[in-house]
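Residue-level listing of the chains:
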Amino acid sequence: MNHALDLSAISPEASMATLSSTLIHWAREYYTLDAPTVCDNKYDATFNELKALEELHPEFINPNSPTQRIGGDRLEGFVQIRHKTPMLSLNNVYTDQEQEDFFTKAGLNIYSHIIAEPKLDGLAVSLYYVNRKLAYAATRGDGQTGEDVTHNIKTIHSIPVELDDSAPAILEVRGEVVMKKHIFSKLNAKAQASGGEFRTFANCRNAAAGTLRQLDSQKAAKRPLDFYAYAIAECSSELPDTHSGRLGFITTLGFPVHTAVQRITPAGLGKYSDAIYARRESMNEEIDGVVFKIDSIAHQERLGFVSRAPKWAIARKFPADEKETTLEIVDWQVGASGILTPVARLSPVHVGGVTISNSTLHNLNEIRRLDLAIGDRVVVSRAADVIPKVTSVLSRPLDRQTISAPTECPSCGSTVVQDSGHVAYRCTGGTRCPAQAVALIKRFARRDLMDIDGLGEKLVEQLYEANFIQKPSDLYYLCFSAVAELPGMGEKSALKLKKGIEASRETTLDKVLAAQNIREVGRSACRELTKHFDNDLHAIFAATQEQLLDVELFGPVMAELAYNAFREPSFQQEIARLRYAGVVWPEKSTKAAAEGDSLEGQVWVLTGTFTSMTRSEAETKLAAKGCRVASSVSKNVTTLCAGAKAGSKLAKAEKIGVPVVDEDYLLSVIGE
Ligand SMILES: [Zn+2]
């Protein structure tokens, strides 16, 4: 092996970390600073050395390792890329007058040429080619610095990864990444059918952005995106002196340019935007206006820029179904996983045929993007098939109040944290948090999970408020005569609920696991999990993180989160309580299960007298199964086994919700 660095004396883990950070440093010098300090051969040799070590010690692979970026495996986060030429945004005009003023100021005469393009509602990206190979692709970001999305850009078929020999050695192409409307509709339909497992997107642009920012490029590849080039930012060879000439040049290199792009004269401005506006419904891409650029590069250079926008190009925005209103306050809603979502409370406004008084703001990034604060006059728009949303801020009063994530959960008061690498804020209250508990029970009852008929969202809230249920398994221990007494319920509704709950008992293991809402481990992952372990719950609970990694769809993060979840007493208690309440699923034969039984991670308490053995014999046998036997009942206890004449321990277990089993169950578990 060609040792690029002398690492023979240190541990493989440390060597790998050193190699990895060295490579990242070199790559940064090369790509971002344009000042390489090592030759390509040395880089490659070091890269190969790291790869060889990673093959020997996969357990030490750093997800940020440069090797992990090839072939686009899961990334931990995004590398920031500084644009060599800033990616500017265009100024918008909304009226004919504004448009005319703009071109008058730009010194256009009737003989000038203008390039007219549809304004695609997607994501601007920069594609940087070195020696005719795609070196990196970055999002626009703040215009100065964007995110490295090379791994996902490579999944877009319309973007060439390599260019012909005739192409210039250095080339930066800019354009728009879009999701076509029919792909977007299909994706959202699938997301809605999934009952919340896949997220739905408000529009094509969000879907494109979400896909491009997807850490897992295999997932990104399943959501096809398209690309249309609109400019060259850097080129090592001489370029044509018109914008249209340059677009033609890009086309010859294999980059798609939108077919609706036209070269027109000032007299044709109105006609072009009217034509695109009329066609926009039938176009494949979401379009929110048209862009006009002066064709002559010399003219462009004479005009230059004003603050952050060119003086030679303008976006003419199309009118939308929009109304003005005021942002009164922002509420933070807590979901089943504790994620806090900001929701705008608006002064009610009639738009697109409905009255709107609230609208999701998704997350703080969206709020920052809009530069939104409480008290602002905002534009709310509602297009067909799109949820109403705050699209922009019209005016910002002096006494506006900045929106920030609460430091304490609005529902339970627990600390709110932001997980590293995530945009979202999360309540740490877990099941103690009423909002999370209610959301979790609602989720549990969902059609694609436990499918409880007759248990609507309102009823979950009512049952929770009446203190009848605190966690999903409580549904199976409900006293229906008491439920019938609840306001608005009655015998009939209670009976319907009872039937719904009873019918839900017969289910499948993957649904039971998915209904537990393990972070990052969704419905499909649970399906793969149970398939992999042949519906053997004990094998799943006993699996090591490495074994979990072998499961289809599982990455290191999921494996760790699942592994930890399976060891939480509360998790095991929930499963045990469900089983005890008669929730059943097809499983491996009892004998095989008993032989393979591991009670690792479980905590049992024995109480009362047993007929087939003494308590200490039972303890020994349980311990042999990897189970810890405790002497007193606490929240950490997963199972209480009660023999005859059980007393206070049984009472306490029932009081705090520890599942109780009898001697027969004990015998079946220890295999006798
Ligand atoms: Zn909370």
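Cut-offs used in this document
- Residues numbered from 1 in each chain as written.
- Predicted model: local features only at pLDDT ≥ 70, side-chain atom pairs only at ≥ 80, totals over all residues.
- Heavy atoms only, no water.
- 1 Å grid on protein atoms, 1.4 Å probe; cavity = no way out; pocket = protein on both sides within 12 Å on 5 of 7 lines; lining within 4 Å.
- Points joined across faces, edges and corners; volume = space filled by probe spheres on them.
- Helix = DSSP H or I, 4+ residues; strand = E, 2+ residues; numbered from the N terminus.
- Nonpolar A, V, L, I, M, F, W, Y, C, P; charged D, E, K, R; others polar.
- Salt bridge = Lys/Arg side-chain N within 4 Å of Asp/Glu carboxyl O.
- Buried < 20%, exposed > 50% of the residue type's maximum accessible area, 1.4 Å probe, protein only.

A.B. asks: How should empty space enclosed by the protein be read in this particular structure?
C.D. replies: Using a probe with the size of a water molecule, rolled over the atoms, empty space left in the structure can be pinpointed. Tallying each qualifying case throughout the model produces 1 cavity of 30 Å³ or more. The computed volume of the largest cavity comes to approximately 90 Å³. Residue lining of the largest cavity: Asn-203, Arg-205, Asn-206, Thr-360, Leu-361, His-362, Glu-366, Arg-369, Leu-370, Lys-389 and Val-390, and that is the complete set. Mapped by element, the contributors of at least two residues to the lining of the largest cavity are α6 (204-212), α11 (364-370) and β19 (389-395). Considering each element in turn, the lining of the largest cavity owes the most residues, 3 residues, to α11. Tallied by class, the residues present in the lining of the largest cavity amount to 3 nonpolar, 4 polar and 4 charged.

A.B. asks: Any chance you could explain the pattern of salt bridges here in plain terms?
C.D. replies: Any two side chains of opposite charge can pair, so long as their charged atoms come close to each other. This structure, assessed with the given rule, holds 26 salt bridges. We note a salt bridge from Asp-288 to Lys-317, for which the minimum N-O separation is 3.2 Å. Residue Asp-288 is located in strand β10 (residues 287-294), and its partner Lys-317 is located in strand β13 (residues 313-317); the two are separated by 29 residues in the primary sequence. By relative accessible area, which is 17% here, Asp-288 ends up buried. Where Asp-510 meets Arg-527, a salt bridge forms, and the shortest distance between an N and an O atom there is 4.0 Å. With Asp-510 in helix α16 (residues 509-514) and Arg-527 in helix α17 (residues 523-532), this residue pair connects regions lying 17 residues apart in the sequence.

A.B. asks: Help me understand the layout of surface pockets, please; the structure alone is not making it clear to me.
C.D. replies: By volume, the second largest pocket amounts to about 1400 Å³. Thr-431, Lys-471, Ser-570, Phe-571 and Glu-574 are the residues nearest the centre of the second largest pocket, which is lined by 44 residues in total. Those elements that place two or more of their residues in the lining of the second largest pocket are β22 (425-427), α12 (434-444), α20 (556-566), α21 (569-580) and α24 (648-656). With 7 residues, α21 is the single largest residue contributor to the lining of the second largest pocket. Its residues placed into classes, the lining of the second largest pocket shows 19 nonpolar, 14 polar and 11 charged.

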